[in-house]
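# Structural characterization, general
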Amino acid sequence: MESNLPSFIENMDSRPTAEHYEFIQDDQLLEAPTVKSIVNPVEPVFKNATCLNVLEHFMKNKSVNSLPVIGDDRKPELLIDRRVFMEFFARMYIRELFGRTEVGNLLQVKDYEGHNPLIVEETTSMEDIANIIVSNGMHHMVTGIIVTRDGQYQGVAHGQDMLNVITRRKQAELFYLAHYDHLTGAPNRTLFVDRLNRALLDAQRNGNFVALLFVDVDRFKNINDSLGHSCGDAFLRILVNRLRMSARKSDTVARIGGDEFVILMYNNMNDTDSATLVAQRILDSMQAPVDVLGHSLVVTVSIGIAVYPQDGKDISTVLAKADTAMYEAKNAGGNGFCVYSVSNGHFDPSRLSLEHDLREAIDNGGLLLHFQPQVDLASHRIRGVEALVRWPHPVRGMISPTEFIPIAEGCGLIVRLGEWVLREACRQLGEWNASGFPPVRMCINVSAVQFHREGFMTILKSALEDSGVDPTLIELEMTESLLMHNVDNVLETLKEIRVLGVGLAIDDFGTGFSSLNYLRRFPINRLKIDQSFVRNIENTPANESITKAIIALAESLSLDIVAEGIEKISEQSVLEKLGCVEGQGYLFARPLSAADVSDLLRKNSAPPVIDC
């Protein structure tokens, strides 16, 4: 059957949903776990064991990076770092001199570079752990932390596991903030539209129905005007609970406006009767008074119902018809529901085909590049620029990349779009070089589809040859998720890129799940710290801990670092203190036109600092 859905809907399965995040369950953001959740029950040795016993243990168990030492009362006393211990006992005569020394006395041995362990109770929060590590030294990220229960040894928590949990919780929190209403905790318009997209796609594949119930509070303005907005807010929170109790567990109750809610029904929807049953349950639930801040209110709602596919074949149509039906219920006096029909509503769909326009823009020079400087944090001199595609639509004006990039991904234009960006960025760099400007690196984003498409290397080589630029001034940015699929093939392509002299950077580092072992294998030059960790870093210990760990990781792997999204001088100060050398963000410059960058390079000057 021919698809009637927008093309970008049909490539949605890889987009993250709430179900991707372990810390979001039943549309609720869970609290961050304690250190108990990452404890590894490493078998300890007693303090009277000899160093030779420990050496033998490390030789037999090559996966053990640190070994806890406990007393007879099972209270922890020491955590032996494998690297430090093995390097010490690899020295000449050390085994003979100290091999029979009890391991509990190891820290007293001259020249042994051990440290007192960090010991925490299993109820300690992850954020507190991060602060403890920051205060006591980042080497504990590698060695680990001893975890106890009532002072008794339980196991070892490793820094990488802690970083992963904090990162996943942070990702869930960012997703929650972006996709849930801050007042009621209900899914917001963004998440609702995403779930509706998926529901319509599933319904089209399987021949099911999708129902929308548009719910609007009757005379809600009277509550705000008479009792104040605090009462209005409290009522909306209670209303959401009643809507959830009336809907099925599988339905989505979303807030899309002030007192406007939509219920999405699609699981097990073989007919439209379920929608009217839910609507009647909502009306029945509203008969009971609502107690709000000492006031007992009887409030009614009006509900409009529209059903896919009989009332429309796309999101805009079905939602608009549910809205039309709701107003019919409201015009009838409220406190009721209305199912959309042609006789009770008028709808005139009008939409602009962005897919067609984007194809035209790529073919006919309708796109342009802006460039955001990457600067030396100490001198503010430009070290590189990131190429960012922009679309000045002739009718709609400047269209955000967040709107047209998903369309390009969904309709197969992302490869052509990516090729245009690559060639245009190389061409512009060649123009700057020909003008005698100081050399800067050109950072170009590469999508997963573009990278994995056959012929990518041919296009890259062609772009370099046509522009005549020095390949060492080109740096390709890619996400962690791109690198973690088909690792062997990815590694081969990365090696080919590096042979050309082109640099490689991991964009938004810290938001994915890359493995340290893979990072060691990949020929990466640079890590870009995601802006979510930079934002308000001076007031967020967890962000500072994560950033410090990323910088320490980069240093251990001899990688360069760039911090993204710097908007305040206070953020820059913390990053410099942590050892970050380069950064980009609105503090230094918004994305600039090629002409504006040319002016800066011509003057060999730094962009002005604007504290946001």
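What counts and what doesn't
- Residues numbered from 1 in each chain as written.
- Predicted model: local features only at pLDDT ≥ 70, side-chain atom pairs only at ≥ 80, totals over all residues.
- Heavy atoms only, no water.
- Helix = DSSP H or I, 4+ residues; strand = E, 2+ residues; numbered from the N terminus.
- Buried < 20%, exposed > 50% of the residue type's maximum accessible area, 1.4 Å probe, protein only.
- Contact = heavy atoms within 4.5 Å.
- Pairing = 2+ DSSP bridges.
- Axes fitted to C-alpha atoms, helices over the stretch in contact; angles between N-to-C directions.
- Core = buried A, V, L, I, M, F, W, Y, C linked by side-chain atoms within 4.5 Å.
- Phe/Tyr/Trp six-rings, centres within 6.5 Å; stacked < 30°, edge-to-face > 60°.

## As for the side chain of Ser545
With respect to the element layout, Ser545 can be found in helix 21 (residues 541-556). Residue class for Ser545 comes out buried when judged on its relative accessible area of 6%. The contact partners of Ser545, leaving out residues within four places of it in the chain, are Ala130, Asn131 and Val134.

## Digging into the sheet that holds strand 10 (residues 210-217)
Here five strands make up an open sheet; going across it, the order is 11-12-10-15-16 and the pairing mixed. Edge positions in the open sheet fall to strand 11 (252-255) and strand 16 (336-339), since each of these has one partner strand only. The average undirected angle you get between the axes of adjacent strands in this sheet is 20°. Looking at chain direction, strand 15 (residues 301-308) and strand 16 are connected through four bridges and run parallel.

## Comments concerning the nonpolar core
Grouped together as the largest cluster of nonpolar side chains are 112 residues, with contacts concentrated most on Trp432, Met442, Ile474 and Leu476. If one sorts the elements of this core by residue count, helix 14 (residues 414-434) sits on top with ten residues. Dropping the residues within four chain positions of it, Leu476 is found in contact with Leu422, Ile444, Val446, Phe456, Leu460, Ile497, Val502, Gly503, Leu504 and Ala505. With 35 residues, the next largest nonpolar core counts Ile263, Val278, Val301 and Ile303 among its residues.

## Points about the packing of aromatic side chains
Under the definition given, this model contains ten aromatic pairs. For the pair Phe371 and Trp432, a centre-to-centre distance of 5.2 Å together with 65° between the ring planes defines the contact as edge-to-face. Placement of the pair is Phe371 in strand 17 (residues 368-376) and Trp432 in helix 14, with a sequence separation of 61 residues. By the burial criterion, Phe371 is buried, and Trp432 matches it. Plain terms: the ring middles of Phe451 and Phe456 are 5.7 Å apart, the flat faces sit at 50° to each other, and that makes the pair tilted. For Phe451, a relative accessible area of 4% corresponds to the buried category. The rings of Phe58, Phe85, Phe88, Phe89, Phe98 and Tyr112 are connected pair by pair, giving a single aromatic cluster.

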